[in-house]
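Here are the chains, one letter per residue:
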Amino acid sequence: MSVAFFAGSFDPFTVGHKSIVDRALPHFERIVVGVGFNVRKPGSREDAARRASHISRLYAGDDRVEAVSYSGLTTDAAKSHGADVLLRGVRSCSDFEYERGMADVNRRIGGMETMLIFALPEYDSISSSMVRELEAFGADTTPFVP
Ligand code: ADP
């Protein structure tokens, strides 16, 4: 069985992201959630590490899921964590086009395939940017974050 690397910004990790991990889990030996950060952005490394430890805590009882932070090429990070396939979620046609481009690049430069899981209809309008926007206006975001 394959080990999957689920890369993203996860800023924040939403119920939509969690649903992708949970639904993918029966199909993989392990899933590594990779929180990407940009070394050129100040504070980005610390923020990503904090998000990764939050995700790890959500899966504290399940050693098939671990969360790490990384910078650089996703395929390099995936391989360094023992993953052989990339996992991503798709909510819409625009996600699909974006994911197709990313999957193509990651196959070419890293020789890795990407497996896609479609969002559940009840989660397909949930995005991290929407949650951040709600937070900025002081709205309750608890239904959207696990
Ligand atoms: P990135 O910044 O790399 O696009 P995100 O953290 O926004 O990363 O998303 C990571 C992955 O999760 C992407 O494949 C994205 O399409 C998917 N995703 C985001 N929100 C949802 C959702 N509500 N349901 C299913 N998949 C989602």
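Report follows, based on the coordinates. Along every chain, residues carry numbers that run from 1 in the direction the sequence is written. Totals for whole chains, interfaces and linings use all residues, but because this is a predicted model, local features are given only for residues with pLDDT of at least 70 and pairs of side-chain atoms are given and counted only at 80 or more. Side-chain measures were taken over the full set of non-hydrogen atoms in the model, leaving aside hydrogen atoms and water.

Each helix is a run of H or I in the DSSP string that is no shorter than four residues. Each strand is a run of E no shorter than two, and both are numbered from the N terminus. Tallying secondary structure elements over the protein gives 5 helices and 5 strands in all. Seen along its three principal axes, the alpha-carbon backbone of the protein occupies a region of about 45 × 35 × 30 Å. The contacts in the protein between residues at least 6 apart in sequence include a share of 75% that link residues at least 24 apart. When the accessible surface of the protein is summed, it comes to about 8100 Å², and 53% of that surface belongs to carbon and sulfur atoms. Residue contacts follow a heavy-atom distance rule, with two residues in contact if any of their heavy atoms lie within 4.5 Å. Per-residue and other accessible areas were derived by the Shrake-Rupley procedure at a 1.4 Å probe size, with only the shown protein chains allowed to occlude residues.

Moving on to the site of the ligand. Near is defined per residue: the residue qualifies when any heavy atom it owns lies within 4 Å of the molecule or strand. Around the ligand, 16 residues are found, and the nearest of them are Ser9, Phe10, Gly89, Tyr123 and Ile126. Any pair of nitrogen or oxygen atoms within 3.5 Å is treated as a polar contact; in protein, a donor-acceptor pairing is required on top of that, and neighbouring residues in sequence qualify only through side-chain atoms on both sides. For the ligand, an oxygen atom lies 3.3 Å from a polar atom in the side chain of His17. Backbone polar atom of Gly89 to an oxygen atom of the ligand: 2.7 Å apart, as the coordinates give it. Protein burial of the ligand: of its 560 Å² of free accessible surface, 86% is covered by the chains. Only protein atoms enter the 1 Å grid used here. Points where a 1.4 Å probe fits but cannot escape make up a cavity, open sets with protein on both sides within 12 Å along at least five of seven lines make up a pocket, and a residue lines them when an atom lies within 4 Å of a point. Here the criterion for a molecule occupying a pocket or cavity is that more than half of its atoms lie within 2 Å of the pocket grid points. In this structure the site holding the ligand corresponds to the largest pocket. Elements with a minimum of two residues in the shell around the ligand: strand S1 (3-8), helix H1 (15-24), strand S4 (85-90) and helix H4 (93-110). Its residues assigned to classes, the shell around the ligand shows 7 nonpolar, 5 polar and 4 charged. Under the grouping applied here, Gly and all other residues not named as nonpolar or charged are polar, the nonpolar ones being Ala, Val, Leu, Ile, Met, Phe, Trp, Tyr, Cys and Pro and the charged ones Asp, Glu, Lys and Arg.

Before going further, it helps to spend a moment on the pattern of salt bridges. A side-chain nitrogen of Lys or Arg and a carboxyl oxygen of Asp or Glu constitute a salt bridge if their distance falls within 4 Å. On inspection of all chains with the given rule, the structure shows 12 salt bridges. The partner of Asp95 in a salt bridge is Arg91, and the shortest N-O contact between them spans 2.8 Å. Beyond isolated ion pairs, a larger network of salt bridges with shared partners links Asp104, Arg107, Arg108 and Glu113.

What follows concerns unusual backbone geometry. Backbone torsion omega between Asp11 and Pro12 reads 5°, so that peptide bond is classified as cis. Within the element layout of this structure, Pro12 appears in the loop between S1 and H1.

Summarising the element assignment, Arg51 is placed in helix H2 (residues 44-58). For the pair Arg51 and Gly16, spaced 35 residues apart in the sequence, the C-alpha separation amounts to 16 Å. Every residue in contact with Arg51, bar those within four places of it in the chain, is listed here: Ser9, Phe10, Asp11, Val35 and Gly36. A distance of 3.0 Å separates a polar atom in the side chain of Arg51 from the backbone oxygen of Ser9.

To continue, consider a nonpolar patch on the surface. Residues forming no salt bridge and having over 30% relative accessible area are the ones grouped into patches, like charges within 9 Å of each other and nonpolar side chains (Val, Leu, Ile, Met, Phe, Trp, Tyr) within 5 Å. Taken together, the side chains of Leu73, Val105 and Ile109 present a nonpolar region at the surface, about 260 Å² in accessible area. Secondary-structure assignment places Leu73 in the loop between strand S3 (65-70) and helix H3 (74-80).

A separate point is the nonpolar core. What makes a nonpolar core is a set of buried Ala, Val, Leu, Ile, Met, Phe, Trp, Tyr and Cys residues whose side-chain atoms join them at distances within 4.5 Å. Accessibility here uses a 1.4 Å probe with only protein chains present; expressed as a share of the type maximum, an area under 20% marks a residue as buried, one over 50% as exposed, and anything in between as partly exposed. Counting residues in each nonpolar core, the largest one holds 22 residues, and the members touching the most others are Val21, Ile31, Val33, Ile55 and Leu87. Contributions of two or more residues to this core are made by S1, H1, strand S2 (30-36), H2, S3 and S4. If near-sequence neighbours (up to four positions away) are discounted, Leu87 is found in contact with Ala4, Phe5, Phe6, Ala7, Ile20, Ala24, Phe28, Ile31, Met115 and Ile117. If you look at the next biggest cluster of nonpolar residues, it comprises 11 residues, including Phe5, Tyr70, Ala77 and Ala83.

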